[in-house]
Amino acid sequence: MTKRRKPYEAHELLYQRMRTKGIRSWEQYNAGNQHRQGLDVFMEQLLKVILMHPWAPNPKQSKALELGCGTGPISRRLAKRGFDCLGIDISKTAIRMAREQSKGLNVRFKQTDACNPDLKSNQYSLIVDGHCLHCITQPEDRKSFLTNAYRLLKPDGVFVISTMCGPVDRKAFHELFGVQRLMDSKVYVPWDRAKDYAHSRTIRGKLHIPTRYIGHWKDILADIKAAGFHPQFIQLHHPCEGEPVSTLKTAVRILK
């Protein structure tokens with residue numbers, strides 16, 4: 001019996017489509033506008049605020065790791081700030097694109113699974129969740145993700161997380177996203193190859209795979225704390241016009 005893939009491994013197919021269409025980044029893909037620079041301005045603003053604090057690492061003396069780097073816009077920005085940066089992603093196509101777009105910068109990329117229990121690397125002063133955590137839908141994988149971040153973070157390091165969360169304006173969500181279904185704190189989308197992926201389910205006669213975890217922000221924060229982290233900074237953005245999902249932004253350190 002063939003082992004079914006984890007839902008987040010479906011990103012490889014999406015990055016293949018992006019590459020074929022000449023789309024350089026996930027932000028550009030979501031915007032549907034090929035003339036955008038592909039930089040997540042909200043993450044850039046968050047990192048700018050975090051790095052101003054006295055407990056933040058000094059870029060000139062620090063290594064940074066981005067978990068779920070995609071085509072690398074955040075990793076490149078960290079490199080430009082002075083960090084010796086490594087970006088990792090499950091998608092080999094995303095890593096190929098990241099390398100192509102990052103020539104001349106002090107940044108490296110590696111194709112690997114951030115949820116792999118055997119993930120091996122150096123310790124880092126800064127770890128950034130490149131909008132990866134909300135793409136990991138299963139509890140055991142989310143636990144592995146946070147465990148790896150804890151193990152890879154230096155004792156005085158900082159872990160920055162930006163993740164979708166509840167509460168959700170469900171009416172606006174279904175009006176905006178159409179075929180996507182929000183059920184049991186997970187977003188399911190119809191997928192033509194859903195049978196190849198674990199945890200797929202039939203909804204209204206069609207196979208769907210889970211693509212996002214949108215648990216309540218209090219539950220997500222509790223999981224982060226249970227992994228051994230202590231929040232130093234927390235922002236919560238509630239649903240607003242055009243954005244029916246909340247966002248939790250936090251910088252955490254290892255609880256001593």
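Here, the structure is the one placed above.
By convention here, each chain's residues receive numbers from 1 onward along its written sequence. Residues qualify for local features only when their pLDDT is at least 70, as the model is predicted, and side-chain atom pairs are given and counted only at 80 or more; totals for whole chains, interfaces and linings, by contrast, use all residues. For the side-chain quantities, the full set of heavy atoms in the structure was used; hydrogens and water were omitted.

Joining through side-chain atoms within 4.5 Å is the link that ties buried Ala, Val, Leu, Ile, Met, Phe, Trp, Tyr and Cys residues into a set, and such a set is a nonpolar core. Only protein chains enter the calculation, and the probe is 1.4 Å; a residue is then buried if its accessible area is under 20% of its type maximum, exposed if over 50%, and partly exposed in between. Ranked by size, the top nonpolar core spans 29 residues in total, and within it Leu65, Leu67, Ile127, Phe145, Phe159 and Phe229 carry the most contacts. Counting residues in hydrophobic clusters, the runner-up holds 24 residues, among them Met43, Ala56, Ile74 and Leu126.

The subject of this paragraph is the sheet that holds strand S2 (residues 84–89). The sheet built from seven strands is open, its strands ordered S3-S2-S1-S4-S5-S11-S10 with mixed pairing. The two strands at the open ends of the sheet, each matched to only one other strand, are strand S3 (107–111) and strand S10 (229–237). When strand polarity is set aside, the average angle formed by the axes of neighbouring strands in this sheet is 20 degrees. As paired strands, strand S1 (residues 63–67) and strand S4 (residues 124–129) are joined by four bridges and run parallel to one another. Two strands pair under a simple rule: DSSP has to find at least two bridges between them. Each helix corresponds to a stretch of at least 4 residues labelled H or I by DSSP, and each strand to a stretch of at least 2 residues labelled E; elements are numbered beginning at the N terminus. To define axes, lines are fitted to C-alpha atoms, for helices over the stretch in contact only, and angles between the resulting N-to-C directions are given on a 0 to 180 degree scale.

Looking now at the sheet that holds strand S7 (residues 186–190). Taken in spatial order, the four strands line up as S6-S7-S9-S8 in an open sheet, and their pairing is antiparallel. Whereas interior strands pair on both sides, the edge strands pair on one side only; in this sheet they are strand S6 (181–183) and strand S8 (201–203). Strand after strand, the sheet turns through a mean of 50 degrees between neighbouring axes, direction not considered. Relative to strand S9 (residues 206–213), S8 runs antiparallel, the two sharing three bridges.

Further remarks concern helix H4 (residues 73–81). For H4, the full list of buried residues reads Pro73, Ile74, Ser75, Arg76, Leu78 and Ala79. Of the residues trailing H4, glycine 82 is marked for its positive phi of about 120 degrees.

Before going further, it helps to spend a moment on unusual backbone geometry. Proline 167 follows glycine 166 through a cis peptide bond whose omega is 10 degrees. With respect to the helices and strands, the residue proline 167 is situated in strand S5 (residues 153–168). Phi angles above zero are rare outside glycine, and serine 185 is one such case at about 65 degrees. Here serine 185 is to be found in the loop between S6 and S7.

Quick look at the packing of aromatic side chains now. Centres within 6.5 Å make a pair out of two Phe, Tyr or Trp rings, where for Trp the six-membered ring is used; the pair is then stacked when the planes are under 30 degrees apart, edge-to-face when over 60, and tilted otherwise. Within the structure shown, the criterion is met by three aromatic pairs. Measuring from centroid to centroid gives 5.4 Å for phenylalanine 159 and phenylalanine 229, while their planes differ by 50 degrees, and the two rings are tilted. Taken together, the residues span a long stretch of sequence, with phenylalanine 159 in strand S5 and phenylalanine 229 in strand S10 at a distance of 70 residues. In terms of burial, phenylalanine 159 and phenylalanine 229 fall into one category: buried. Between phenylalanine 173 and phenylalanine 177 the ring centres are 4.9 Å apart and the planes differ by 55 degrees, which places this aromatic pair in the tilted class. Residue phenylalanine 173 and its partner phenylalanine 177 are both found in helix H7 (residues 170–177); the two are separated by four residues, about one turn of the helix. Of the residues examined, phenylalanine 173 reaches a relative accessible area of 2% and is grouped as buried. By relative accessible area, phenylalanine 177 is classed as partly exposed at 31%.

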